[in-house]
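Chains, contacts and geometry: an overview
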Amino acid sequence: MMKKIKYLIMSLVAVLLVNCNDAIDIRQVGLLDPVNAFRTVDDLEAGLFGLYSRNGGIPNTFGFDITPEIALSSNFCDEISIGAGTGGQGFALYDFVLNPTSAASSNFWIRNLSQNNRATVLLEAAQVIEVDPADQARFNQLLGEIHTIRAYANFELLNMYSVDVRNDASLGIPVVDFVPPLTFQPLRNTVGEGWDYINSDIAAAEGLLGPATSTDRISIDVVRALKARTLATRGQYGEALTLANNLLASYPIADRTAHRDMFLDNSDEGIIFKLQRVRNGPFDRQGATGSVNAGGWPGAVYTFADILSDSYFEMDRKVFNMLDPNDVRFDINVSPASTIDPNYMTNPNSFATDKIIPAKYPGSENQPLMNDLKVFRSAEMLLIAAEARVGANNDLAGAAQLIKQLRDARFGSSQPLPVYNSAQEAYGAILDERRVEFLFEGHRYRDLKRLGVAGNRGIDRDLTDCNRQSGACTLAANDFRFTLPIPLSEINANPAIGEQQNPGY
Amino acid sequence: MKLKLTWLLTLFMAFVMQLSFGQEKDITGTVTAASDGLPLPGVNVIVKGTARGTQTDFDGKYSIKAKAGDILVFSFVSMKTTEKTVGAASVIDLSMADDVASLDEVVITGYSTTTKTKSSVSSVRVSSETIENRPNASFVQTLSGQVPGLNITTSTGQPGGNSLVQLRGVGSINGNTEPLFIIDGAPVDEDNFRSLNPQEIASIDVLKDAGATAIYGNRGANGVIVIKTRQGSYNQGLKVNYNGFVSYSAIQGNDYNLMNSQQLLTYERDKGRGAGAGATANKGFRPVRDFLTPGFPAIPENQVPMTDAEIAAAPNFDWFDYFFRTAVTQNHTVSLSSGGENSTQFTSIGFSDTQGILVQSNLTRFNVRSNVTGKSSNDKFNYGLNLSMNYSKSDEPNNIGSGAVNRNYVLGSLLSFPYNTPDQFGIAKPGVIAAPSVVDTPFFLIDRLQEFTRFEEEVKIVASVNANYKFTDYLSANVVASMDYQNEVLTFGQFPNSINAQIFGGNNERITQDTDRVFTYNQVTSLNYNDTFGKHTINLGAYTEYFKAHRRFFGFLSRGLNVLTFAPGDGAGFIDDGPNDDIFVDDVFATKRDAGLFSYFGSLDYDYDSKYGFAATVRRDASYRFADSNRWATFWSVAGRWNISNEAFMDGSVFNNLKLRASYGTAGNQDITGAGPFSAFAETLDLFTTDTGYISNQAIFLEQVGNRDLKWETIAQLNIGVDFGVWNNRLRGSVDYYKRNTTDLFQSINLSATTGFTQQFANIGELENRGVDFQLDYDIFRANQPGDFSMSVGVVGNYNVNELIDLPVDELPGTGRVGGPLGEYFLIRYVGVNPANGNLLYLDANDNVTETPTTDDQVWTGKNILPDWNGGVTFNLDYKGFFLTTQWNYVLGVDRFDSDYAGFVDVDNTGSFQLSADILREWTQPGDITDIPSPTAFNRNSFTAIDDNFLYSGDYLRLRFASFGYNFNQDILEGTGFTKARVFFNAENAITFTKWRGFDVETRDNGGAEYPTPATFSVGLELGF
């Protein structure tokens, strides 16, 4: 009996008092807590490299990327047509279907707000880093880059989601200059408040950044180029002109060979800032093909494998007709695998016979379609200067002189000096020049939005191309679709902002 | 000994050693049934205390040697075991009585077993007979249509591929929705059964209501499936059994009305696209060109449309025949079972080779099982070991279901032009690098067949040890310790000469090898008290359960392979990264995760006179997932029953069984992301992480902001059921009404993007599943004697209504709306083609016809992909050893998108892909009444994926299984050495009635280009000796 009781007690102990903590107190390995993340200037630099970079494994981590701008400008505007290699990519956007569920609507909103948030997290973390005096310059440089990236993101947001960025009292974007709780549901601030936020970041960056050491990192010149772009966008042309001229002095227009090499990533001439894309880096991927979400090789916006294959997006025939074969920009933009049918307008087979394959992103480092993303080029400063000469002083001849300067460089020979009889004509010519110069570089949508009405330009596609689809051939620059809709995902989370949806949606 | 024992245990108890003396003599006699006086064949007659025994013959006669004083034990299924002492007479006749108690099936409830009569819970048993000899590599697939309320959907034809198992609707939005599977006491991975041999299974119990599952607390919220494998019997001579079959599988047909080459080329010519219009892209690969050479002569290619004669001469090639095949499967199992006085063993060895119908898919497996039981001679101590060791090699091409024309073999069969033939590939391959396009789909894939491999080798060991010690007649201690060990080795390579490697750059020549080891340990320890006094029976149990799981994963990806020395699995051909580029950078990866659960719980079971019963459980559970938030939770259940047929007032009624049951209880779901024990391991924490960033520098990223309120999903279930049998059980069945409410659903809530995130997972919302399970069997003809004609029909079914009760926002496209079902489609209604202009017509939100709807015109359709009704109908015939079994499965209320068909009638695919001849009906001039819009309709691509065009019913009635065969009777087998012989012919998925046009209506997926399940025909043989 005693034995039985002993067993019984032992069993009871076994049943009820088994040590369970090792099963339910588990701390997984490999996790980085906030308190351990940013303790040194090196950590902050690692954070900055994270801010520049997408990360496919982490939600809402897009990095500094302009492929969505490239995809939107090409697909929505008049840079491409549906190509012989189509698998259905981009049809809706090509047909001007833009609504709160479109990729364009969500991408620009979420990506830029996420960049704003990640930049702010870094700036807050930086406040508690103890900086060795010897490290102060590097620390300042890092902070300046973070401020610039945040300004770029908020500028893009403001420009895309505000109907009129030149009306300070109108609806802008939510200005979030702090790390909010996850329950945060703000309304839109005014355009003026948006500009104040952007300008404060630009001013801070100007005070922190050092001179350029390489074109793939943000320097004082980069934030000034950004400032020139924002000033032109806002219509403050006087200051834009000064900045653009200063930058042009440091970054002259490249010659034909250097310009072509620049697009093969063999030269930095004419580049103020580019986003470096390297083999096996976070952006070395196809991305979302033919979608505004893009996020990988810029060439994958247009085609599947390389620039010698049939592409899902071909060059709009009207742009092609604007390209002179003697212009280096012809070589840069038109793939040698293209086939040109002079009778494309009458040949019912032209879909198969007239194939103009975009070639701006042939690839680099042996990776087809992967190229550095040229964010700010000296040519943009030149064209901002031209625009500003008209805008600030109605200096039509001065603008014409700048256009000629650019063309001379691109043709490698002296070109005729254009004559503009009105500001509208000059703006129109500047837009046309930008259409060619920045083809497939992501400028067209914001150029039309900024200058289309003033220059009497809108989306203007080749009729053969657009009529082969649904007949979406032209769109005026004052169309509501030159302002993106606030995405449905935001309205679902933040219903009040739904009441502030942009007109037309 | 007051415990009710089953007839089997009684039999075991009878074998207590006794000494006997005397002279042996031949005893003969006839055994008849007391009920009708007819002779009983097959009755076991054993001399008690010896291994000597015989069986009665067809006329109920037997003959055995015994001495005076020996005791003869007569036993037969469903008869009362009877003992007769041998006296002076040498003839002993016996009239055997029915054993009412033993008619009662043993059922599993929670961690214990009881009789069907005394069970208060809703459960269904599936016996080995309906599982064995089926060609499905995963036994789960075989359960389909056999259990009311159990919906099993197999969306892949990959041999051994995972099936989706859902009991009584979908109980979670993001969490696990599949039942807990327990094999011989070991909880196992519910998504991986490919390595296990279905032939080893003895029975499967499906536990459905809270009364049965609450005791499985932390993992049983979606039901529990308890699997027992075969065992030997005590005091049983060696039995050897062989099962083998060979199967042939083929793709099920489609109704897409695909074009032949002549139709397609003519259409292409009309549209000015593709080969019919003279395009050269699909005439093989172009030569290599240097794309960096600036400037070029822009010469238009001379593209001349094909002539009628050229079109007529074009070949017609069947790409389905190329990428799908008639697959051959063979399956062999040999089992040996035996038992002595204090031990039994069951040993089984199995081999099967299951070919998939899609090229490059295959499963080969080898299984060994050893089940041993033993006991002390005083019967106080019992133990058992169930050990299953399995090895499988599974060839599994990936990217199936994707749109990757260079990777998905299914696309090769769907999209390739019939006018292209595989011979063109021979010409094409040499100049491979330039100008690939979608029209080269079949050539990419032919190349992939040669230049790609992907296979998984798996070792899976499931072992469990159980031990039981009886302190007294009423108190015992039990322990069940079990492990599930999986070691999965993936080898995955894209070879250097492949087109994919060539066109996507050098780093696409690569090989991946990784090893994923998962070890889980589970231990249930308990004290159990059972007592009967008067008419009262009481069972009490106190338990703890400990679960720990470890995952260790590592592997590498090697880029750069030297074609001369490379072979998958070997490193001789690996090329190192060079100094001048980063083409051949290798990748290494590793993951280490641990997971655990701990619980303690108690159970009470009370019975009064087999008339009334009450059961209750309460359980405290802890999960490692909620360590920083709500770690512990309590779940409980109560259940009651009334055996009406056991009441005196029911004497003489037609009911021989009538039982009313009711239960209510809760269970927790801690697998809140549905991805197994290692998922969602740090949801409560704020985390940063390190990874490669800009220009390949090390970078720090913000990874997540934690949810500090995370907790269990809870499912509360009400069940009311009735079991009945009338006319001597000729008609029998059960009906259950249930209502399952899942609260604290773990789901995504939308965040304002201004927070830097767009969603966070949190416990919010409620989902309800309510419905009826029913099972009805009727014996139309019963056999009085073996060999007589018998015929029975049965139906099982489930009707389920799924309703979202509460969501983060009232309408959540993709999830559903409050008051609607889960996954309800939110779409613009497509109404047809405008006869005036060929544009697509839609209804706006106000039911007005429009050509230009907006997203505001999306409406809730009331449709989703989940079934309302599902179940099966069985019909069985037996006559003189011949048998015929058929099982029809039905599913109603499923709506799916047919994206494959959408592609076949999309004019924009002209020249790119194969088309359906339906597109020839396209609108061409005003007045045309047709279902295919104008090829230039402006809105033909505007609302793709948000309109209900191409949403079709996925309802079906399918002859899921049919078997015809013959059992050789004992007379024939006598003298052959065989005790059993059976031949059979089986068919799976032989006939399907559906409006669905694609290959497999069963697939639960809205994508396309999936791997369909095949139709399979088998012949087989079963031998016992």
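Note that this is a predicted model, so its numbers are computed, not measured.

A word on the overall build of chain A. The secondary structure content of chain A amounts to 22 helices and eight strands. Against the globule reference of 23 Å for 505 residues, chain A gives a C-alpha radius of gyration of 26 Å, in line with a compact fold. In terms of principal-axis extent, the alpha carbons of chain A reach across some 115 × 60 × 50 Å. By residue count, 59% of the 505 residues in chain A fall in the buried class. In chain A, 67% of the contacts between residues at least 6 apart in sequence involve partners at least 24 apart.

Helix and strand content of chain B: twelve helices and 52 strands. A compact globule built from 1025 residues should have a C-alpha radius of gyration of about 31 Å, and chain B, at 33 Å, falls within 12% of that. When its C-alpha atoms are laid out on the principal axes, chain B stretches across 115 × 70 × 65 Å. Every one of the 1025 residues in chain B was classed for burial, and the buried ones make up 47%. By sequence separation, contacts in chain B at least 24 residues apart represent 69% of the contacts at least 6 residues apart.

Let's shift gears to unusual backbone geometry. All names here are of chain B. The phi torsion at I695 lies on the positive side, around 50 degrees, for a residue other than glycine. Along the polypeptide, I695 turns up in the loop between β30 (687-692) and β31 (698-704). Of note in this structure, S696 is not a glycine but carries a positive phi near 60 degrees. The residue S696 is located in the loop between β30 and β31 in this model. Residue class for S696 comes out partly exposed when judged on the 18 C-beta atoms lying within 10 Å of it.

For interface size, the figure often reported is the accessible area lost on association. Under the domain assignment, chain A is made up of domain 1 (37-77 + 97-210) and domain 2 (298-371). Taking the mean C-alpha position of each, domain 1 of chain A and domain 2 of chain A sit 34 Å from one another.

Now for the interface of chain A and chain B. Opposite the 98 residues of chain A that make contact, chain B presents 95 residues. Sorting elements by how many residues they give to the side of chain A that touches chain B places helix α1 (residues 2-16) of chain A first, with eight residues. Tallied by class, the residues present in the side of chain A that touches chain B amount to 50 nonpolar, 33 polar and 15 charged.

Here we take up the sheet that holds strand β4 (residues 61-67) of chain B. Residues and elements named next belong to chain B. Spatially, the three strands line up as an open sheet ordered β4-β1-β7, and their pairing is mixed. This sheet does not close on itself; its edge strands, each paired only once, are β4 and β7 (94-96). Pairwise comparison of adjacent strand axes, ignoring direction, gives a mean angle of 40 degrees for this sheet. As judged from the seven bridges shared by strand β1 (residues 24-33) and β4, these two strands associate in the antiparallel manner. Bridged to I27 within β4 is I64.

This next bit is on the UniProt feature "domain: RagB/SusD" (unreviewed entry) in chain A. Here, UniProt's "domain: RagB/SusD" (unreviewed entry) annotation points to residues 338-505 of chain A. In this annotation, residues 338-505 of chain A is assigned 47% helix and 8% strand; the end-to-end C-alpha distance for the span is 38 Å.

Here we come to helix α10 (residues 220-234) of chain A. The terminal C-alpha atoms of α10 of chain A lie 21 Å apart, and with 15 residues this matches the ideal 21 Å at 1.5 Å per residue to within 8%. Of all 15 residues making up α10 of chain A, 14 are buried, and the element is well covered by its neighbours.

To continue, consider the sheet that holds strand β3 (residues 53-55) of chain B. Picture the strands of a sheet paired through backbone hydrogen bonds; they go either parallel or antiparallel. Residue and element names in this part refer to chain B. Here we have four strands laid out as an open sheet, ordered β3-β2-β5-β6, and antiparallel in their pairing. If you trace the sheet from one side to the other, it starts and ends with β3 and β6 (82-85), each paired once. The average undirected angle you get between the axes of adjacent strands in this sheet is 20 degrees. Of the pairings in the sheet, the one linking strand β5 (residues 71-75) to β6 comprises four bridges and is antiparallel in character. From the neighbouring strand, L72 faces β6, where its bridge partner is K84.

Moving on: the environment of I110 of chain A. By the secondary structure assignment, I110 of chain A is in helix α7 (residues 103-126). On a C-alpha basis, the gap between I110 of chain A and P487 of chain A in space is 8.7 Å, while along the polypeptide they are 377 residues apart. With residues near it in sequence (within four places) discarded, I110 of chain A still touches N60 of chain A together with A753 and T758 of chain B.

A few words now on the UniProt feature "domain: TonB-dependent receptor plug" (unreviewed entry) in chain B. This chain's UniProt record puts "domain: TonB-dependent receptor plug" (unreviewed entry) on residues 116-224 of chain B. In residues 116-224 of chain B, the share of helix is 8% and the share of strand is 26%. The end C-alpha atoms are 17 Å apart.

A few words now on helix α17 (residues 396-411) of chain A. Two residues of an α-helix separated by three or four positions point the same way, owing to the 3.6 residues in each turn. Residues and elements named next belong to chain A. Taking 1.5 Å of rise per residue, the 16 residues of α17 would be expected to cover 22 Å, and the 22 Å separating its terminal C-alpha atoms lies within 8% of that figure. Burial in α17 covers these residues: L396, A399, A400, L402, I403, R407, A409 and R410. Where the residues of α17 are buried, they touch α12 (256-263), α14 (328-333), α16 (378-393) and α18 (423-437). Directly after α17, the chain includes G412, whose backbone phi takes a positive value near 75 degrees.

Residues and elements named next belong to chain A. Relative orientation of the contacting elements helix α4 (residues 41-52) and α7 amounts to 175 degrees, with a least axis distance of 10 Å. Here α7 runs roughly antiparallel to α4, going by the angle between their axes. Residues L44, G47, L48 and L51 of α4 pack against R118, A119, L122, A125 and A126 of α7. A breakdown of the residues in the contact of α4 with α7 according to their chemical character gives seven nonpolar, one polar and one charged.

Turning to the pairing of strand β46 (residues 882-892) of chain B, a few remarks are in order. All names here are of chain B. Bridging between strand β45 (residues 869-879) and β46 involves eleven bridges; their strand directions are antiparallel. Each bridged residue has a counterpart across the sheet, and for W869 the counterpart in β46 is L892. Hairpin connection, β45 to β46: the antiparallel pair is bridged by two residues, and K880 has positive phi, about 45 degrees. Relative to strand β49 (residues 956-967), β46 is paired through ten bridges, and the arrangement is antiparallel. Bridging across to β49, Q887 finds its partner in F961.

Next up on the list: the environment of A214 of chain B. Residue and element names in this part refer to chain B. Position of A214 relative to the elements: it lies in the loop between α3 (210-213) and β16 (224-229). Distance from A214 to V618, taken between C-alpha atoms, is 7.9 Å for residues 404 residues apart in sequence. The contacts of A214, once residues within four sequence positions are left out, are T617, R619, F635, W636, S637, G665, T666 and A667.

With that settled, consider the nonpolar core. The biggest cluster of nonpolar side chains holds 183 residues, and the ones touching the most others in it are A228, A240, A244, M381 and A385 of chain A. Considering each element in turn, this core owes the most residues, twelve residues, to helix α8 (residues 136-161) of chain A. Two domains share this core, each providing at least three of its residues, namely domain 1 (37-77 + 97-210) and domain 2 (298-371) of chain A. With 48 residues, the next largest nonpolar core counts V188, A210, A221 and V224 of chain B among its residues.

This next bit is on the pairing of strand β21 (residues 381-395) of chain B. All names here are of chain B. As paired strands, strand β20 (residues 362-375) and β21 are joined by 14 bridges and run antiparallel to one another. Paired with L363 across the two strands is S394, which belongs to β21. The hairpin formed by β20 and β21 contains five residues between the paired strands, and D379 there has a positive phi angle of roughly 70 degrees. Relative to strand β22 (residues 452-470), β21 is paired through 15 bridges, and the arrangement is antiparallel. Bridged to S394 within β22 is E456.

Measuring from C-alpha to C-alpha, the distance between S696 of chain B and S599 of chain B comes to 47 Å, with 97 residues separating the pair along the chain. Discounting residues that sit within four places of it in the chain, S696 of chain B has contacts with V278, N280 and G281 of chain A.

Attention shifts here to the packing of helix α9 (residues 191-208) of chain A against α10 of chain A. All names here are of chain A. Orientation of α9 relative to α10, taken along the N-to-C sense of each, is 155 degrees, at an axis distance of 9 Å. When the axis of α9 is compared with that of α10, the two are roughly antiparallel. For the element pair α9 and α10, the recorded crossing hand is left-handed. Contacts between α9 and α10 involve W195, I198, I202, A205 and E206 from the former and I220, V223, L226, K227, T230 and R234 from the latter. Classifying every residue of the contact of α9 with α10 by side-chain character gives seven nonpolar, one polar and three charged.

Residue and element names in this part refer to chain B. For chain B, mean pLDDT is 87; residues scoring 70 or higher make up 92% of the total. In the model, residues 281-301 has pLDDT below 50 throughout and makes 53 contacts with residues more than four positions away in sequence or in other chains. Note on residues 430-434: pLDDT under 50 across the span, and 16 contacts to partners over four residues away in sequence or across chains. Taken over the whole predicted complex, pTM reads 0.80, whereas the ipTM for its chain interfaces reads 0.94.

About the criteria used
One numbering rule holds for all chains: residues counted from 1, following each sequence as written. Written order decides the labels, with chains lettered from A and ligands numbered from 1. Only residues with pLDDT of 70 or above have their local features reported here, since the model is predicted, and side-chain atom pairs are shown and tallied only from 80 upward, although totals for entire chains, interfaces and linings are computed over all residues. Strands here mean DSSP runs of E at least two residues long; helices mean DSSP runs of H or I at least four residues long; both are numbered from the N terminus. Our radius of gyration is a C-alpha quantity, and the globule rule it is checked against amounts to 2.2 Å times the number of residues to the power 0.38. Buried residues are those with 20 or more other C-beta atoms within 10 Å of their own C-beta, exposed residues have 12 or fewer, and partly exposed residues lie in between; C-beta atoms are placed from the backbone. Contacts are defined on C-beta atoms placed from the backbone: any two residues whose C-beta positions lie within 7 Å are in contact. What counts as a domain boundary in this text is fixed by an automatic or database domain assignment. All residues other than Ala, Val, Leu, Ile, Met, Phe, Trp, Tyr, Cys, Pro, Asp, Glu, Lys and Arg, Gly among them, are scored as polar; the first ten of these are nonpolar and the last four charged. For two strands to be treated as a pair, DSSP must find at least two bridges joining them. Between N-to-C directions, angles cover 0 to 180 degrees, with each direction set by a line fitted to C-alpha atoms, over the stretch in contact for helices. UniProt positions are given in the numbering used here, feature names are shortened, and annotations may be inferred rather than shown by experiment. Every helix has an expected span of 1.5 Å times one less than the residues it contains. Just so you know how the angles are binned, under 35 degrees is roughly parallel, over 145 roughly antiparallel, 65 to 115 roughly perpendicular, and the rest oblique. For this entry, the nonpolar core is defined as buried Ala, Val, Leu, Ile, Met, Phe, Trp, Tyr and Cys residues connected by C-beta atoms within 7 Å. By definition, turning the near helix anticlockwise from the far helix through less than a right angle yields a left-handed crossing, and turning it clockwise yields a right-handed one. pLDDT runs from 0 to 100 and stands for how confident the predictor is about each residue.

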